[in-house]
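# Residue-level structural notes
Residue strings, one per chain:
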Amino acid sequence: MSNKQEFVGKDATGDASPLGEANSAPVPAEVQELIGRQLRRVYSGLVEARIPDDFTTLLDRLSAASAGTKGNTEQDT
Amino acid sequence: MTPSVERAFRADLEKCVPNLLAFARSLSGNPDRANDLVQETLIRAWINRDRFVEGTNLKAWLFTVLRNFYISELRKRKYEVADQDGVIAASIGAEGNQSAHMDLVDFAKAFQSLPLEQREALTLVGAEGFAYEEAALMCGCAVGTLKSRVNRARNRLAQLLGHDVNEPASV
């Protein structure tokens with residue numbers, strides 16, 4: 001997998017029409033600030049949520065598998 | 001990669017997991033799906049670790065992998081799992097102030113009702129702090145398109161949350 005090859009291209013929803021991206025009226029600054037604060041508050045709740053142990057286990061397995069592969073390769077050579 | 005570089009890469013991957021999980025949850029609105037997305041992202045990142053250019057933004061690279069995998073899965077499955085159970089709203093911790101807590105719950109519900117491309121644009125720029133240029137690259141769209149999505153997302157949120165979005169007319 002190449003990261004660049006993984007790019008799906010234009011648009012997440014298939015809507016690539018520039019006409020469909022017309023600008024809407026700007027949101028007043030104080031409303032933007034409020035939305036920004038609430039967004040960061042909600043998102044930080046997601047970031048700080050408990051992380052399942054599965055991910056550490058997965059990374060351990062991936063590291064061990066690659067160490068094993070390298071060990072085998074070194075033994076072969 | 002040398003063993004020491006590989007160890008450092010693994011540690012950096014692990015540091016990114018909380019943000020990857022948050023991004024996956026904000027995209028999918030489904031905790032199980034988010035876990036699967038992060039697992040797949042970590043596997044892909046590990047397999048392709050030699051392609052990662054040291055000194056570049058690992059988090060942006062991982063977010064792109066996750067996002068593209070999610071989009072390709074959506075296209076295959078032709079459906080999107082919505083936040084039917086209010087997962088994001090439910091993740092909001094207790095606030096001292098009940099009114100402030102309800103404001104955040106309302107915000108989370110409004111956010112989850114946004115179209116996917118607006119949610120991801122607003123998350124990347126407004127919550128993760130990526131530059132518009134970085135976020136546009138990650139979403140595979142023009143910078144102007146991304147700015148427009150962020151603006152429309154803010155507009156929609158403002159409307160849903162009952163804010164007056166009409167600026168005073170200039171004379």
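The residue numbers shown here count from 1 along each chain, following its written sequence. Labels follow written order: the first chain is A, the first ligand is 1, and so on. Totals for whole chains, interfaces and linings use every residue, but because this is a predicted model, local features are given only for residues with pLDDT of at least 70 and side-chain atom pairs only at 80 or more, for both listing and counting. Water and hydrogen atoms were dropped before computing side-chain values, which therefore reflect all heavy atoms in the structure.

### A few points about the overall build of chain A
Looking only at helices and strands, one finds three helices and zero strands in chain A. Under the DSSP-based scheme used, a helix requires at least four consecutive residues in state H or I and a strand at least two consecutive residues in state E, with every element numbered from the N terminus. Each helix and strand of chain A, ordered N terminal to C terminal, gives the series α-α-α. Think of it in three bands: with a 1.4 Å probe and only protein chains considered, a residue is buried below 20% of the maximum accessible area for its type, exposed above 50%, and partly exposed in between. Of all 77 residues assigned to chain A, the portion counted as buried reaches 29%. Each accessible area is a Shrake-Rupley estimate made with a 1.4 Å probe; only the visible protein chains count as cover when residues are assessed. When the accessible surface of chain A is totalled, it reaches about 4900 Å², and 52% of it is carbon and sulfur.

### Quick look at the packing of aromatic side chains
Residues and elements named next belong to chain B. For Phe, Tyr and Trp, where Trp contributes only its six-membered ring, two rings pair if their centres lie within 6.5 Å, and the inter-plane angle classes them as stacked under 30 degrees, edge-to-face over 60, or tilted in between. Using the criterion set out here, one finds seven aromatic pairs over all chains in the structure. A ring pair is formed by Phe52 and Trp61, whose centres lie 5.3 Å apart and whose planes are at 45°; its orientation type is tilted. Residue classification places Phe52 among the buried positions, given a relative accessible area of 13%. For the pair Phe107 and Phe111, a centre-to-centre distance of 6.4 Å together with 15° between the ring planes defines the contact as stacked. Of this pair, Phe107 and Phe111 both sit in helix H5 (residues 98-112), four residues apart, which is roughly one turn of the helix.

### Quick notes on the environment of B:Ala45
All names here are of chain B. Turning to its location among the elements, Ala45 is positioned in helix H2 (residues 31-47). Residue classification places Ala45 among the buried positions, given a relative accessible area of 0%. Should any heavy atoms of two residues lie within 4.5 Å, those residues are counted as being in contact. Filtering out sequence-adjacent residues up to four positions away, Ala45 remains in contact with Phe9, Leu13, Trp61 and Leu62.

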